[in-house]
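Listed below are the residues making up each chain.
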Amino acid sequence: MLSIILTAIAAKSTVLLFGGDVMLNGIAPSPRVLQQIQQARGHADAFLANLEIPLTRENAKTTRKSAEELKRHDQWILKADPGHAEFIKRAGIDLVTLANNHAMDYGPNGLHEMISNLDRVGILHAGAADNASEAMRPTYLKLKNGKTLALLSVLAFMTPKALRKTTPATLTEPGIAVLSFGGTLGTAAKAKLSRWILAAHQGADYVIVGTHWGVERKPLPNAYQVGLGRALVDAGADVVWGNHPHVLEGAVIYNGHTILYSCGNLVSSLPAQTGLFRVTITEDGIQKVGFLPARDQGHQVTLLKGPPAVFAKHGQQLLNQLLLKRFPSTVSVPAF
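Student: Where do I start with the overall build of the protein in this structure?
Tutor: What the protein contains, in helices and strands, is 10 helices and 16 strands. Within the protein, residue pairs in contact and separated by at least 24 positions form 73% of the contacts whose partners lie at least 6 positions apart. Total accessible area on the protein is roughly 14400 Å²; 56% of this is exposed by carbon and sulfur atoms.

Student: Teacher, can you tell me more about the packing of aromatic side chains here?
Tutor: Here the structure, examined in full by the defined rule, presents 3 aromatic pairs. Aromatic pair Phe18 and Trp241: ring centres 5.4 Å apart, planes at 55°, arrangement tilted. Placement of the pair is Phe18 in strand S1 (residues 14-22) and Trp241 in strand S10 (residues 239-243), with a sequence separation of 223 residues. This pair shows no difference in class: Phe18 is buried, exactly as Trp241 is. The ring of Tyr106 is capped by Lys79, whose NZ or CZ atom sits 4.9 Å from the centre of that ring.

Student: Just to check I follow, could you spell out the sheet that holds strand S7 (residues 148-155) for this structure?
Tutor: What holds strands together in a sheet is hydrogen bonding between their backbones, with the strands either parallel or antiparallel. If you trace the 6 strands from one edge of the open sheet to the other, you get S6-S7-S9-S10-S12-S11, paired in mixed fashion. Pairing within the sheet leaves two strands with one partner each, and these edge strands are strand S6 (139-142) and strand S11 (248-254). Here the strands of the sheet are splayed against their neighbours by 15° on average, with no regard to which way each runs. Two elements, S6 and S7, share 4 bridges in a ladder whose sense is antiparallel. The residue bridging Leu141 from the neighbouring strand is Leu149, located in S7.

Student: Can you help me understand the pairing of strand S12 (residues 257-263) in this one?
Tutor: Looking along a regular strand, one sees the side chains alternate between the two faces of the sheet. The buried fraction of S12 is high, at 6 of 7 residues. Note that S10 and S12 share 3 bridges and pair parallel. Among the inter-strand pairings, Val239 is bridged to a residue of S12, identified as Thr258. Bridge count for S11 against S12 is 6 bridges, and the pairing is antiparallel. Looking across to S12, one finds that Val252 is bridged to Ile259.

Student: I tried to follow the pattern of salt bridges on my own but got confused; where do I start?
Tutor: When the charged atoms of two side chains with opposite charge come close together, those side chains can pair. Taken as a whole and assessed by the stated rule, the structure comprises 7 salt bridges. Close ionic contact of Asp94 with Arg41 constitutes a salt bridge, the shortest N to O distance being 2.7 Å. Taken together, the positions of Asp94 in the loop between helix H4 (84-90) and strand S3 (95-97) and Arg41 in helix H2 (residues 37-41) put the pair 53 residues apart, joining distant regions of the chain. Residues Asp94 and Arg41 agree in their burial class; the two are buried. Between Glu283 and Lys147 there is a salt bridge, with its nearest N and O atoms 3.6 Å apart. Residue Glu283 is found in the loop between strand S14 (272-281) and strand S15 (287-296), and its partner Lys147 is found in the loop between S6 and S7; the two are separated by 136 residues along the sequence.

Student: Explanation requested: the environment of Ala135 in the structure shown.
Tutor: Following the sequence through the fold, Ala135 ends up in helix H6 (residues 132-135). The sequence separation of Ala135 and Ala169 amounts to 34 residues, and the corresponding C-alpha distance is 7.1 Å.

Student: Just checking my understanding: could you explain the side chain of Gln287 for this structure?
Tutor: Along the chain, Gln287 falls in strand S15. There is a polar contact of 3.3 Å between the side chain of Gln287 and the side chain of His257. Ignoring anything within four residues of it in the chain, the contact list for Gln287 reads Asp238, Val239, Gly256, His257, Thr258, Val279, Thr280 and Ile281.

Student: Just to check I follow, could you spell out the pairing of S10 for this structure?
Tutor: Counting buried positions along S10 gives 5 out of 5 residues, so the element sits mostly inside the fold. Side chains Val239, Trp241 and Asn243 of S10 all project onto a buried face; the interleaved residues Val240 and Gly242 project onto the opposite face, where all are buried too. Across 5 bridges, the pairing between strand S9 (residues 206-212) and S10 is parallel. The residue bridging Thr211 from the neighbouring strand is Gly242, located in S10. At this point the chain moves from S9, through helix H9 (residues 223-234), to the parallel S10, and the crossover so formed is right-handed.

Student: What exactly am I supposed to notice about the nonpolar core here?
Tutor: What tends to happen in soluble globular proteins is that the nonpolar side chains get buried as a cluster. Core analysis: the biggest nonpolar cluster contains 46 residues, and Ile37, Leu51 and Ile88 have the highest contact counts within it. Contributions of two or more residues to this core are made by S1, H2, strand S2 (46-51), H4, helix H5 (107-121), strand S13 (265-267), S15 and strand S16 (301-303). Top element by residues in this core is H5. It accounts for 5 residues. Excluding residues within four positions of it along the chain, Ile37 makes contact with Phe47, Ala91, Ile93, Leu266, Leu276 and Val301. Ranked by size, the runner-up nonpolar core spans 34 residues in total, among them Ala169, Ala189, Val252 and Ile259.

Student: I keep staring at H5 and nothing clicks. Help me out?
Tutor: Since one α-helical turn is 3.6 residues long, residues separated by three or four positions face the same way. Between its first and last C-alpha, H5 extends 22 Å over 15 residues, near the 21 Å set by a 1.5 Å rise per residue. Restricting attention to buried positions, one finds in H5 the residues Gly107, Gly110, Leu111, Met114, Ile115, Asn117, Leu118 and Val121. Down the axis, H5 shows its buried residues gathered within 160° of arc, on one side only. Positive phi appears at Gly122, one or two residues downstream of H5, with a value of about 85°.

What counts and how
Residues numbered from 1 in each chain as written. Predicted model: local features only at pLDDT ≥ 70, side-chain atom pairs only at ≥ 80, totals over all residues. Heavy atoms only, no water. Helix = DSSP H or I, 4+ residues; strand = E, 2+ residues; numbered from the N terminus. Contact = heavy atoms within 4.5 Å. Areas by Shrake-Rupley, 256 points an atom, 1.4 Å probe, with all protein chains shown as cover. Phe/Tyr/Trp six-rings, centres within 6.5 Å; stacked < 30°, edge-to-face > 60°. Buried < 20%, exposed > 50% of the residue type's maximum accessible area, 1.4 Å probe, protein only. Lys NZ or Arg CZ within 6 Å of the ring centre and 35° of its normal. Pairing = 2+ DSSP bridges. Axes fitted to C-alpha atoms, helices over the stretch in contact; angles between N-to-C directions. Salt bridge = Lys/Arg side-chain N within 4 Å of Asp/Glu carboxyl O. Polar contact = N/O pair within 3.5 Å; in protein donor to acceptor, adjacent residues only side chain to side chain. Right-handed = clockwise from strand over helix to strand, strands pointing away. Core = buried A, V, L, I, M, F, W, Y, C linked by side-chain atoms within 4.5 Å. Expected span 1.5 Å × (residues − 1). Arc of directions from axis to C-beta.

Given below as structure tokens:
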């Protein structure tokens, strides 16, 4: 009888698994790269990650990133082998965000090749398309528990100059979806967010907004991330899922909804502390957040074993304390 009750309770919840930046440049396609995270997929209803590097063999690079910037390492132009698509799918990743600062590194041809490869293996995607209208549209996933998930993906850098480097989509030209508010969230900006998210909610039980924002290598979110994250929740987002800083920035429960400021690098050619965030949404809308620590090393993601203290010793305990002091409505995130 108890097992039946627990099964019924579980069936009323939706479990979403979030990973960070998938940076496969310089890594040869292999099942071992993401093999262990397949174990974490478990009973999650959906697994999402940010596909940071275009999967393409195109050679024509973007001209928006100058030779001087590339030489100074202010900008990077990157790509990865399209053969990775099969193994991303095999790892259990259902949806990826594409609105980031590398998706257009090899122009429209590189974008189209990447999308074609994702479509071929059955990975859903959002945030980049043939025009701005399509890039801003949600992608829907019907979950096994009967709920429907909508994913929106946008790049939300503060300055127009930074946004232009990424090739935003226009009314008639391909590119990525962007939010361009100049670092100020006024009444008009908030109204735009409300209309955008409300439209996505028309066909979904939950709306996830993937945001590419913040400052690289900063372990805490900046004020604009905090303001925009809260504005997105106020506009109707169920979960705000941030990426781009390439380091973990902690999680916040704001007005009952989850904001993940940065999930770090899920995988890259450089070693790093990483992990997976799990957001559980109960039938009555209560959200709980957990974290599964992992290590990205040797071109492979390795899950760490042990109690919550395993991740605490890598800085999450201190990070939670800093967030509590700096921002209200912040909760400590336990391992799961």
